[in-house]
Amino acid sequence: MKTFEKNIRKVEPYVPGEQPQRKVIKLNTNENPYPPAPGVERALKSMDTDRMRLYPDPTAGELVKALADYYHVGENQVFVGVGSDDVLSMCFLTFFNSEKPVLFPDVTYSFYKIWAELYRIPYELCPLDEDFRIVKEDYFRDNGGIIFPNPNAPTGLYMELGDVEDIISHNQDVIVIVDEAYIDFAGKSALELIEKYENVIVVQTFSKARAMAGMRIGYAVGNPLLIKYLNDAKYSFNSYTMNQTALVCGAEAVKDKEYFEEGIRKIIKTREWAKEELLKLGFSFLDSKANFIFATHPDYDAKELFEALKDNGIYVRYWGGGRISQYLRITVGTKEEMDALFGFLRSYMMQ
Ligand code: PMP
């Protein structure tokens, strides 16, 4: 090691799912198989490129207002960022500054551990139970903050709002972050708890149900005091996080509630049908309420299956290691994409 390397911050980076540049059936990073709301294309076409000379609005006012109106909260209760990854990372930096450990599940979004390491935040993992469920009582103890996704990823399991509230009410002296990247496909959001509890931050994204992963838009909703602290951290880091195009397109997308809800209905319908098809093929899986299914097969090695699928132009997600070594996470695509997946699996299993 070079002497100068001693003082370099060393991190083990997050490994994102592959983004192949050739045309494949892409069921590996939980994107939406449908296009964004039609208004987004119109907004994009009528965008004034002269705006690009100028820095974007550092307050992201237009997008913040669209989200505040949509959720019937104040504009001072919304914080936006470059995907929910950016928002979550800002939340770690801003809210998790205790000497006590931050708590999150052992099987969950793997970025949590990486941000904790990056910002040198102590953390402890709370093991999921034998059915891969979050054990809420594990979070009823002294800690420096809490974060969990609902539904959890990669399991897809949804925790009822009453249980989420139980975790929050037991932890009113620390910040509790509920990462709701997949909530639109699931059930009740913790957004309705932000008036009751000052210590809750709900984080959501445009990447999944709003079909705009490429635009990189995420947001947090919470009490004005928490949003102020988040903005203070952001302005100490980078004032112009969101580009002009994302601000305009994001605000436009929020306006089309009907299209949004219709897209979610289609994905849920395909998900439930896909579960039946997986059962017929002998897979077992968790009862996902997200836009993906976490599945395993008693007779086929997950890694081999993953590779065979990939060789045939069908990308799913596989991590390997530990408790999830025999699981694949399959994003719910269109009916046609899922038909292709099941067609391949049927012929593979007949060999
Ligand atoms: N939270 C969870 C649980 C996720 O699975 C993801 C998607 N990788 C994210 C947050 C981040 O999504 P994005 O940055 O696209 O909003």
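Every value quoted in this text rests on a predicted model; they were computed, and no experiment measured them.

Chemist: What should I look at first to understand the site of the ligand in this one?
Modeler: In the region of the ligand, 13 residues are neighbours, and Ser 84, Asp 179, Tyr 182, Thr 205 and Ser 207 sit closest. In the environment of the ligand, a nitrogen atom lies 3.2 Å from a nitrogen or oxygen atom belonging to the side chain of Tyr 109. Ser 207 is positioned with one of its side-chain polar atoms (N or O) 2.6 Å from an oxygen atom of the ligand. Sort the elements by how many residues they give to the shell around the ligand and helix α3 (residues 83–95) lands first, with four residues. Split by residue class, the shell around the ligand holds five nonpolar, four polar and four charged.

Chemist: What exactly am I supposed to notice about the packing of helix α2 (residues 61–71) against helix α7 (residues 244–255) here?
Modeler: Two quantities define a packed helix pair, namely the angle between the axes and the distance from one axis to the other. Taken N-terminus to C-terminus, the directions of α2 and α7 make an angle of 15°; their axes are 8 Å apart at the nearest point. The angle between α2 and α7 falls in the class roughly parallel. The interaxial crossing formed by α2 with α7 has left-handed handedness. Of the residues in α7, those in contact with Glu 62, Leu 63, Ala 66, Leu 67 and Tyr 70 of α2 are Leu 247, Val 248, Gly 250, Ala 251 and Val 254. Considered class by class, the residues forming the contact of α2 with α7 number eight nonpolar, one polar and one charged.

Chemist: I'm lost on the sheet that holds strand β10 (residues 292–296) in this one. Help?
Modeler: Sheet strands pair via backbone hydrogen bonds, and the direction of the pair is either parallel or antiparallel. With respect to topology, three strands assemble into an open sheet ordered β9-β10-β12, the strand pairing being antiparallel. Either end of the sheet is taken by a strand with one partner, and the two such strands are β9 (284–285) and β12 (328–331).

Chemist: Is there a simple way to think about the pairing of strand β4 (residues 123–126) in this case?
Modeler: In regular strands, side chains alternate between the two faces of the sheet. By the bridge criterion, four bridges tie strand β3 (residues 102–105) to β4 in an arrangement that is parallel. Following the sheet pairing, Leu 103 is matched in β4 by Glu 124. Tracing the backbone out of β3, into helix α4 (residues 111–118) and back to the parallel element β4 gives a crossover that is right-handed.

Chemist: Would you mind showing me how to read the packing of aromatic side chains here?
Modeler: For the structure shown, the criterion picks out 25 aromatic pairs. Ring geometry for Tyr 71 versus Tyr 219: centroids 5.9 Å apart, planes at 35°, classification tilted. Remark: Tyr 219 occurs in strand β8 (residues 218–222) and Tyr 71 occurs in helix α2; sequence separation between them is 148 residues. We note that Tyr 71, like Tyr 219, is buried. Clustering of aromatic rings is evident, with ring pairs tying together Tyr 14, Phe 92, Phe 96, Phe 104, Tyr 109, Phe 111, Tyr 112, Trp 115 and Tyr 123. Positioned above the aromatic ring of Phe 260, the side-chain terminus of Arg 210 is 3.8 Å from the ring centre. Sitting above the plane of the Tyr 34 ring, Lys 266 keeps its charged end 4.0 Å from the centroid.

What counts as what
- Residues numbered from 1 in each chain as written.
- Predicted model: local features only at pLDDT ≥ 70, side-chain atom pairs only at ≥ 80, totals over all residues.
- Heavy atoms only, no water.
- Near = heavy atom within 4 Å.
- Polar contact = N/O pair within 3.5 Å; in protein donor to acceptor, adjacent residues only side chain to side chain.
- Helix = DSSP H or I, 4+ residues; strand = E, 2+ residues; numbered from the N terminus.
- Nonpolar A, V, L, I, M, F, W, Y, C, P; charged D, E, K, R; others polar.
- Axes fitted to C-alpha atoms, helices over the stretch in contact; angles between N-to-C directions.
- Parallel < 35°, antiparallel > 145°, perpendicular 65-115°, else oblique.
- Left-handed = near helix turned anticlockwise from the far one by under 90°.
- Contact = heavy atoms within 4.5 Å.
- Pairing = 2+ DSSP bridges.
- Right-handed = clockwise from strand over helix to strand, strands pointing away.
- Phe/Tyr/Trp six-rings, centres within 6.5 Å; stacked < 30°, edge-to-face > 60°.
- Buried < 20%, exposed > 50% of the residue type's maximum accessible area, 1.4 Å probe, protein only.
- Lys NZ or Arg CZ within 6 Å of the ring centre and 35° of its normal.

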